Amino acid sequence: MRGFRISMFWWVVITLAIVYSVVKWAIPALSREITTLPFPLPVPGTLMLFYMVLTIVALFLMVTFSDEGLESFSRPIRRLLRGDFGQPTAYLVLLAVPFFVGWQVYEVVVPKVEVPVSLRIQHPSSNFPKKFEEMKNPFSNPTDEAITAFAEAAKEGEIAFIEQVVGDIERWEEESEPDHVLEFFPTPAMTALLGEIEGGEIEPATAKAALIEKNLFEGRALYAMNCRPCHGDSVAGDGPMADGFKLRPINFTDNGTIETIVEGYTFWRVANGGPGLPTEATPWDSAMPIWKLNLSDEERWKIIMAEYDLAQKTPRIPETH
Ligand code: HEC
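### Topic: the overall build of the protein chain
Moving on, step 1. Helix and strand content of the protein chain: eleven helices and zero strands.
Moving on, step 2. Taken against the 2.2 N^0.38 rule, which gives 20 Å for 321 residues, the C-alpha radius of gyration of the protein chain at 34 Å runs more than 25% over that of a compact globule.
Moving on, step 3. Across its three principal axes, the protein chain shows a C-alpha extent of roughly 110 × 45 × 35 Å.
Moving on, step 4. Residues counted as buried form 19% of the 321 residues belonging to the protein chain.

Encoded structure:
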């Protein structure tokens, strides 16, 4: 049988190239078609190694099976070395081969920052203390006692603010000399409360709305002081420091973050930060600070209240409810 025949050498080269291309490009492209995801599924490096080693072993057996095979394989190499293709070509190939091998070794050995294959679990629960599950934010759901106490304090004009905002409020009082400190909040809820104080009769619902507003204000102030650098003004995880972290600060406006967890879980997460997470939350380490070291329970609850409010989200309701 006569026809177009290629030497064993080119057979080997073409087979290796095809197997490499299939694993490197065809499988990922096919995975995109099948999964319809906007990105290919990762092909592990060991799979490539596996296929290439198997292919090389098979080709080696094929080439060395007969003397003709070996002869057909080595002929182009011998012709190149003899200079049949011209001396410059020979030198070029002799330079290119070690260069290519060296480059490949460098690629393998050089340390790189890569997205790990394993997925990170954003909300691990293996070490989440169950007693937190049922917790309710006492500042967005104030008790009747807290509401009454606030109404009394409002009547006296002696509202207690967290220390972080007291300075600002006092400065404002000096400048604008208000009749009542709550005029600091020019909002419908506060105006309604001030109206009822004037009339002498405070409705619990009015006091509750005003108290929640005051708590929210304090929470926002604490958020700006502590969380904004990473989580951002718009709570979208885009604060000025955010770009510095490989594992980015969470975007709270994203569905699937704070909306999918119960308040008690958020409270626990903020208290214990990155170091409080179990191994499922790796491979990256989280830069979230351990806030229970610097902020009181009250401060953290108020921040969480503000965090949900700024993100326009509501926490998940515990299953038992
Ligand atoms: C140094 C930067 C930094 C600061 C400051 C910071 N965080 Fe974070 N935070 C992160 C990073 C990074 C993540 C994402 C990794 C993770 O889940 O721990 C995160 C995650 C979170 C999560 C988890 C959200 C979820 O859905 O799993 C909450 C809640 C959170 N932060 C709240 C806060 C609050 C509240 C403050 C302020 C008291 C704050 N963070 C300050 C870096 C920061």
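### Some thoughts on the site of the ligand
Moving on, step 1. In the vicinity of the ligand there are 25 residues, among which Cys227, Cys230, Thr257, Ser286 and Met288 approach most closely.
Moving on, step 2. Secondary-structure elements contributing two or more residues to the shell around the ligand are helix 9 (228-231), helix 10 (263-272) and helix 11 (297-311).

### Re helix 5 (residues 144-156)
Moving on, step 1. The first and last C-alpha atoms of helix 5 sit 18 Å apart over 13 residues, in line with the 18 Å expected at 1.5 Å per residue.
Moving on, step 2. All buried positions along helix 5 are accounted for by Ile147, Phe150, Ala151 and Ala154. Down the axis, helix 5 shows its buried residues gathered within 100 degrees of arc, on one side only. Within helix 5, the exposed residues directed more than 90 degrees away from the buried face are Glu145, Glu152 and Glu156.

### Here's the deal with the environment of Pro40
Moving on, step 1. In this fold, Pro40 is placed in the loop between helix 1 (8-35) and helix 2 (45-64).
Moving on, step 2. Residue classification places Pro40 among the partly exposed positions, given that 15 C-beta atoms sit within 10 Å.
Moving on, step 3. A C-alpha to C-alpha distance of 53 Å links Pro40 and Pro186, two positions 146 residues apart in sequence.

### What to know about the nonpolar core
Moving on, step 1. Grouped together as the largest cluster of nonpolar side chains are 24 residues, with contacts concentrated most on Ile303, Ile304, Met305 and Ala311.
Moving on, step 2. If you list the elements that add at least two residues to this core, you get helix 8 (204-226), helix 10 and helix 11.
Moving on, step 3. Residue contacts for Ile304: discarding those within four places in its chain leaves Asn137, Glu263, Thr266, Phe267 and Val270.
Moving on, step 4. By size, the runner-up hydrophobic cluster in this structure holds twelve residues, among which are Ala154, Leu182, Leu193 and Leu211.

### Brief notes about the packing of helix 1 against helix 2
The geometry of a pair of packed helices is captured by two quantities: the angle between their axes and the separation between those axes.
Moving on, step 1. One can describe the packing of helix 1 onto helix 2 by two numbers: an axis separation of 10 Å at closest approach and a directional angle of 160 degrees. On the basis of their axis angle, the class for helix 1 and helix 2 is roughly antiparallel. When you trace helix 1 past helix 2, the crossing you get is right-handed. Residues Met8, Val12, Thr15, Leu16, Val19, Tyr20, Val23 and Lys24 of helix 1 touch helix 2, and the partners they reach there are Leu47, Met48, Tyr51, Met52, Thr55, Leu59 and Val63.

### Here's the deal with the domain arrangement of the protein chain
Moving on, step 1. On domain assignment, one finds that the protein chain holds domain 1 (8-109) and domain 2 (130-311).
Moving on, step 2. Taking the mean C-alpha position of each, domain 1 and domain 2 sit 61 Å from one another.

### Side note on the environment of Ile258
Moving on, step 1. Mapping Ile258 onto the fold places it in the loop between helix 9 and helix 10.
Moving on, step 2. Taking the C-alpha atoms as reference points, Ile258 and Pro315, 57 residues apart in sequence, are found 6.5 Å from one another.
Moving on, step 3. Apart from residues lying up to four places away in sequence, Ile258 is in contact with Phe252, Thr266, Glu307, Tyr308, Ala311, Lys313 and Pro315.

### Notes on unusual backbone geometry
Moving on, step 1. At Val235, a position not held by glycine, the phi torsion is positive, near 50 degrees.
Moving on, step 2. With respect to the helices, strands and loops of the structure, Val235 is situated in the loop between helix 9 and helix 10.

### A few points about helix 6 (residues 163-176)
Since the α-helix advances by 3.6 residues per turn, residues separated by three or four positions end up pointing in the same direction.
Moving on, step 1. Here helix 6 spans 20 Å end to end across 14 residues, near enough to the 20 Å set by a 1.5 Å rise per residue.
Moving on, step 2. Directly after helix 6, the chain includes Glu177, whose backbone phi takes a positive value near 35 degrees.

### Some words on the environment of Pro229
Moving on, step 1. Mapped onto the elements, Pro229 comes out in helix 9.
Moving on, step 2. Given 14 C-beta atoms within a 10 Å radius, Pro229 is considered partly exposed.
Moving on, step 3. Residues Pro229 and Glu158, 71 residues apart in the sequence, show an inter-C-alpha distance of 33 Å.
Moving on, step 4. Not counting residues within four places of it along the chain, the set of residues in contact with Pro229 comprises Gly239, Pro240 and Met241.

Criteria and cut-off values
Residues numbered from 1 in each chain as written. Predicted model: local features only at pLDDT ≥ 70, side-chain atom pairs only at ≥ 80, totals over all residues. Helix = DSSP H or I, 4+ residues; strand = E, 2+ residues; numbered from the N terminus. Rg over C-alpha atoms; globule rule 2.2 N^0.38 Å. Buried ≥ 20, exposed ≤ 12 C-beta atoms within 10 Å, placed from the backbone. Near = placed C-beta within 6 Å. Expected span 1.5 Å × (residues − 1). Arc of directions from axis to C-beta. Core = buried A, V, L, I, M, F, W, Y, C linked by C-beta atoms within 7 Å. Contact = placed C-beta atoms within 7 Å. Axes fitted to C-alpha atoms, helices over the stretch in contact; angles between N-to-C directions. Parallel < 35°, antiparallel > 145°, perpendicular 65-115°, else oblique. Left-handed = near helix turned anticlockwise from the far one by under 90°. Domains from an automatic or database assignment.

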